[in-house]
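Observations on the model geometry
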Amino acid sequence: ASSNPEEMVDKLRKKLASRGARGIIGLGKQFRIMDDNNNRSLDLYEFTKAMKDYMLGFSDGEIKSLFNYFDVDRSQSVDYDEFIRTLRGPMNPNRKRFVSQAYTKLDKDGNGYIDINDIKGVYNAKSHPDVLQGKKTEEQILLEFLETFETHHSLRNNNAPDHIVTQEEFIEYYNNISCSIDNDQYFELMMNSAWNLD
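Moving on, we get to the overall build of the protein chain. In terms of regular secondary structure, the protein chain is built from eleven helices and four strands. For the C-alpha atoms alone, the extent of the protein chain along its principal axes is close to 55 × 35 × 30 Å. Counting all 198 residues of the protein chain, 41% fall into the buried class. The contacts in the protein chain between residues at least 6 apart in sequence include a share of 54% that link residues at least 24 apart. Here the protein chain contributes 25 positive and 33 negative side-chain charges, whose respective centroids are spaced 7 Å apart.

Now for helix α6 (residues 93–106). Across its 14 residues, α6 extends 20 Å between first and last C-alpha, which sits within 8% of the 20 Å expected from 1.5 Å per residue. The inward-facing, buried residues of α6 contact β3 (113–114), α7 (116–119), β4 (165–166), α10 (167–178) and α11 (184–195). Where α6 begins, the side chain of N92 points an oxygen toward the backbone nitrogen of N94, at a separation of 3.1 Å.

The next point concerns the packing of helix α1 (residues 5–18) against helix α4 (residues 60–70). Orientation of α1 relative to α4, taken along the N-to-C sense of each, is 90°, at an axis distance of 10 Å. The pairing of α1 with α4 is recorded here as roughly perpendicular in orientation. Side by side, α1 and α4 meet where P5, E6, M8, V9 and L12 of the first sit next to E62, S65, L66, Y69 and F70 of the second.

Moving on, we come to the nonpolar core. Buried together is how nonpolar side chains tend to be arranged in soluble globular proteins. Counting 26 residues, the largest nonpolar core has V99, F149, F170, Y174, M191 and W195 as its most contacted members. Put simply, the parts of the chain that give this core at least two residues each are α6, α7, α9 (138–157), α10 and α11. Core analysis: the second largest hydrophobic core is formed by 25 residues, L16, F47, M51 and I63 among them.

In the structure shown here, the tally under the stated rule is 16 aromatic pairs. An angle of 65° between the planes, with centres 4.6 Å apart, marks the rings of F149 and Y173 as edge-to-face. In this pair, F149 is assigned in helix α9 and Y173 in helix α10, connecting sequence segments 24 residues apart. Note on accessibility: F149 and Y173 belong to one class, buried. Residues Y174 and F187 carry aromatic rings whose centres are separated by 6.4 Å and whose planes lie at 90° to one another, so their mutual orientation is edge-to-face. You can see Y174 sitting in helix α10 and its partner F187 sitting in helix α11, a full 13 residues away along the chain.

A separate point is the environment of D130. Relative to the assigned elements, D130 resides in helix α8 (residues 129–132). Sequence separation of D130 and M91 is 39 residues, and the distance between their C-alpha atoms is 33 Å. Once residues lying within four places of it in the same chain are set aside, the contact partners of D130 are K135, K136 and I141.

Time to look at the pattern of salt bridges. By the definition in use, this model includes nine salt bridges. The residue E144 makes a salt bridge to K136 at a minimum N-O spacing of 2.8 Å. Residue classification places K136 among the partly exposed positions, given a relative accessible area of 27%. Put simply, D10, R13 and K14 are held in one network by salt bridges that share partners.

Glancing now at the environment of E7. Of note, E7 is situated in helix α1. Of the residues examined, E7 reaches a relative accessible area of 44% and is grouped as partly exposed. Separated by 59 residues in the primary sequence, E7 and L66 have C-alpha atoms spaced 9.8 Å apart.

About the cut-offs
- Residues numbered from 1 in each chain as written.
- Predicted model: local features only at pLDDT ≥ 70, side-chain atom pairs only at ≥ 80, totals over all residues.
- Heavy atoms only, no water.
- Helix = DSSP H or I, 4+ residues; strand = E, 2+ residues; numbered from the N terminus.
- Buried < 20%, exposed > 50% of the residue type's maximum accessible area, 1.4 Å probe, protein only.
- Contact = heavy atoms within 4.5 Å.
- Lys, Arg positive; Asp, Glu negative; His and termini not counted.
- Charge placed at Lys NZ, Arg CZ, Asp CG, Glu CD.
- Expected span 1.5 Å × (residues − 1).
- Polar contact = N/O pair within 3.5 Å; in protein donor to acceptor, adjacent residues only side chain to side chain.
- Axes fitted to C-alpha atoms, helices over the stretch in contact; angles between N-to-C directions.
- Parallel < 35°, antiparallel > 145°, perpendicular 65-115°, else oblique.
- Core = buried A, V, L, I, M, F, W, Y, C linked by side-chain atoms within 4.5 Å.
- Phe/Tyr/Trp six-rings, centres within 6.5 Å; stacked < 30°, edge-to-face > 60°.
- Salt bridge = Lys/Arg side-chain N within 4 Å of Asp/Glu carboxyl O.

Here you go:
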């Protein structure tokens, strides 16, 4: 067996596929089978038990390193999103192209990052329920919108949100969305309708 986590993930991916878990539904089903106590995350014990059940030939040390590879936020457990994101990997080049188009469209001033000035004209917060009810200002809503894209990236890199979205952060956000969408045409449609790319 190999102790390279990416090779082990590939072996696991093939084993899951051989059990019919190719798409998001099948992977979710396998995750629920592994999750003995139904808390929507896998601890090292549950993860180890599942790896041994799959008879992949991994040593205990390899299983521990694979567990750590899945446990992106270092919480000592693997939640569903970490599980799916690790198994599905990053977006394919076609999807990445749509995400790059959206990023370029959002980066109005072309300075290489998206900040509040870029999104003011693209994302309208005037009719947001919290703005209408006076709970938040339009600016607060816009900053929260920017934080959405930073959150996924900061989980992997432990950075605090700075309300400036880099292309890397934007791509990581869509890597997480992409891994739950099996169909490329559906992903393309979603990107087009969200950012008017046509």
